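Remarks on the overall topology
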Amino acid sequence: MEILQNDLFLRAARGEQVERVPVWMMRQAGRILAEYREVRAKAGSFINLCTTPELAAEVTIQPVDLLGVDAAIIFSDILVVPEAMGLPYEMIEARGPVFPTTVQTLQDVEKLKEVDPEVELKYVLDAIRITKKELNGRVPLIGFAGAPFTILCYMIEGKGSKTFSVAKKYLYAEPELSHKLLQKITDTTIAYLKAQVAAGANLVQLFDSWAGILSPQQYREFSLPYISQICDALQALVPVTVFAKGAFFARREMNALNCSVVGLDWNMDIAESREMIPSKVLQGNLDPCVLYGSFSEIKKQTLEMLRQFGGQKHIANLGHGVYPDTNPDKVRCFIDTVKEYQF
């Protein structure tokens, strides 16, 4: 059993009593920090940074040292999974990810590779091993992957989109293809996350970034069953967090998932969510734009959020990733306010 100097985040994730609310942030390792930008420049590209374990470990640890968060999250990308399956992607500045080849037919689904995480995704696992060694038990390390529906969106659409209408079209026009692809992504993701845990991840988080584009009925058919499979496969190993942005309509169903933590975005009312998800620890959910406000406004909004959550069964976070042009001192104000809060 690993001994952690600060196990607050893990104890909270397991629903245990804590002396204060733990805090970390999605996208905490990133462009908000000048130190990250230096390493990114040295790497030459985002993809090089992700695929160079020593550099990925370095930027993973930066927020622990520079911001004082209670957990690190491995620096990687959700799109490493489709790449491992045989669909490489490029990261185009100011445009985001682009897949030169996409899934269009059942034959395309059948041609996707069966992934051995210790081969195709070894660089992520090596980054986890290096990070664990260098953290030396200071805080827990979070592993992560994209939820199957979100990954399907990129594999079919080939790029980011506000609507993902091309991917959604397949749910209606090609349901058999969609389910086969979702199952392949799910199987790969389970193997990948199990490998992350074996490498040292203390908790894993599923990011369903595009959950909110689906209707409730579609979400029940094309997302929740696959998230459920992943939760079932991992929950006995480590706590699992499910963060489904925009899926306010699925909160009652999330209470039935075999996960420990449910992440809330800033549009999800806290009291209502507590009523709908009574058996889970809740994570979130300050609007990232609050961090553009004055220091006094950040403190006020953060304290109001903390009061609404009530102290226990809560992991403080933003309702989405921190925006890249946020002042690091404003981020520290948020983190320090959480750490000083007495409930």
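Quick caveat, the model's predicted, so the values are computed rather than measured.

Describing the nonpolar core
Y219 and F334 are the most contacted members of the largest nonpolar core, which has 132 residues in total. No other element matches the 10 residues that helix 11 (residues 175–199) contributes to this core. What F334 contacts, discounting residues up to four positions off in sequence, is V23, M25, L286, L291, I298, T302, M305, N317 and L318.

Details of unusual backbone geometry
In most cases, non-glycine residues show a negative phi, while peptide bonds are predominantly trans. Each neighbour pair has its own omega, and for G284 with N285 the value is -10°, a cis peptide bond. Locating N285 in the fold gives a position in strand 8 (residues 281–286). Even without glycine at this site, R27 takes up a positive phi of about 65°. Structurally, R27 is set in the loop between helix 1 (8–13) and helix 2 (34–43). Unusually for a residue other than glycine, N136 sits at a positive phi of about 55°.

Concerning the pairing of strand 8
Within strand 8, 6 of the 6 residues are buried, which leaves the element mostly enclosed by the surrounding structure. As paired strands, strand 7 (residues 261–263) and strand 8 are joined by 3 bridges and run parallel to one another. Within strand 8, the position partnered with V261 by the bridge is V281. With helix 15 (residues 270–276) bridging strand 7 and its parallel neighbour strand 8, the resulting β-α-β unit is right-handed. Judged from the 5 bridges that link them, strand 8 and strand 9 (residues 314–318) form a sheet pairing that is parallel. When the bridges of strand 9 are listed, N285 appears paired with N317. At this point the chain moves from strand 8, through helix 16 (residues 295–309), to the parallel strand 9, and the crossover so formed is right-handed.

Observations concerning the pattern of salt bridges
When the charged atoms of two side chains with opposite charge come close together, those side chains can pair. Applying the stated criterion across every chain, the model contains 17 salt bridges. One salt bridge in this structure joins E118 and R129, with 2.4 Å as the shortest N-O distance. You can see E118 sitting in helix 7 (residues 117–120) and its partner R129 sitting in helix 8 (residues 122–135), a full 11 residues away along the chain. A salt bridge links R307 to E304; the shortest N-O distance between them is 3.7 Å. Here R307 pairs with E304, and both are found in helix 16, just 3 residues apart, close to one helical turn.

Remarks on the layout of surface pockets
The space that makes up the largest pocket amounts to roughly 1,400 Å³. Along the walls of the largest pocket sit 38 residues, with R27, R31, F46, D77 and M91 positioned nearest its centre. Sorting the residues of the lining of the largest pocket by element identifies helix 2, strand 2 (90–92) and strand 3 (96–98) as the ones contributing at least two each. Ranked by the residues each element gives to the lining of the largest pocket, the list is headed by helix 2, at 3 residues. Among the residues forming the lining of the largest pocket, the class breakdown is 21 nonpolar, 10 polar and 7 charged. Every residue lining the second largest pocket is counted, 13 residues in all, and those nearest its centre are M1, E2, L10, R14 and N202. Split by residue class, the lining of the second largest pocket holds 8 nonpolar, 2 polar and 3 charged.

A few points about the packing of helix 2 against helix 4 (residues 53–66)
Axis separation between helix 2 and helix 4 bottoms out at 10 Å; the angle between their running directions is 175°. Compared by their axis directions, helix 2 and helix 4 come out roughly antiparallel. Listed contacts from helix 4 to E35, Y36, V39, K42 and A43 of helix 2 are L55, E58, V59, Q62 and L66. Of the residues belonging to the contact of helix 2 with helix 4, the class tally is 6 nonpolar, 1 polar and 3 charged.

A few points about the pairing of strand 6 (residues 240–244)
Within a regular strand, the side chains alternate between the two sheet faces. Burial of strand 6 is extensive: 5 of the 5 residues sit out of reach of the surface. Residues V240, V242 and A244 point to one face of strand 6 and T241 and F243 to the other, with burial holding for every one of them. The pairing of strand 5 (residues 203–208) with strand 6 spans 5 bridges and is parallel. For D208, the partnering residue across the bridge sits in strand 6 and is A244. Relative to strand 7, strand 6 runs parallel, the two sharing 3 bridges. Bridge pairing in strand 7 links F243 to G263.

So, how was this worked out
- Residues numbered from 1 in each chain as written.
- Predicted model: local features only at pLDDT ≥ 70, side-chain atom pairs only at ≥ 80, totals over all residues.
- Heavy atoms only, no water.
- Core = buried A, V, L, I, M, F, W, Y, C linked by side-chain atoms within 4.5 Å.
- Buried < 20%, exposed > 50% of the residue type's maximum accessible area, 1.4 Å probe, protein only.
- Helix = DSSP H or I, 4+ residues; strand = E, 2+ residues; numbered from the N terminus.
- Contact = heavy atoms within 4.5 Å.
- Pairing = 2+ DSSP bridges.
- Right-handed = clockwise from strand over helix to strand, strands pointing away.
- Salt bridge = Lys/Arg side-chain N within 4 Å of Asp/Glu carboxyl O.
- 1 Å grid on protein atoms, 1.4 Å probe; cavity = no way out; pocket = protein on both sides within 12 Å on 5 of 7 lines; lining within 4 Å.
- Points joined across faces, edges and corners; volume = space filled by probe spheres on them.
- Nonpolar A, V, L, I, M, F, W, Y, C, P; charged D, E, K, R; others polar.
- Axes fitted to C-alpha atoms, helices over the stretch in contact; angles between N-to-C directions.
- Parallel < 35°, antiparallel > 145°, perpendicular 65-115°, else oblique.

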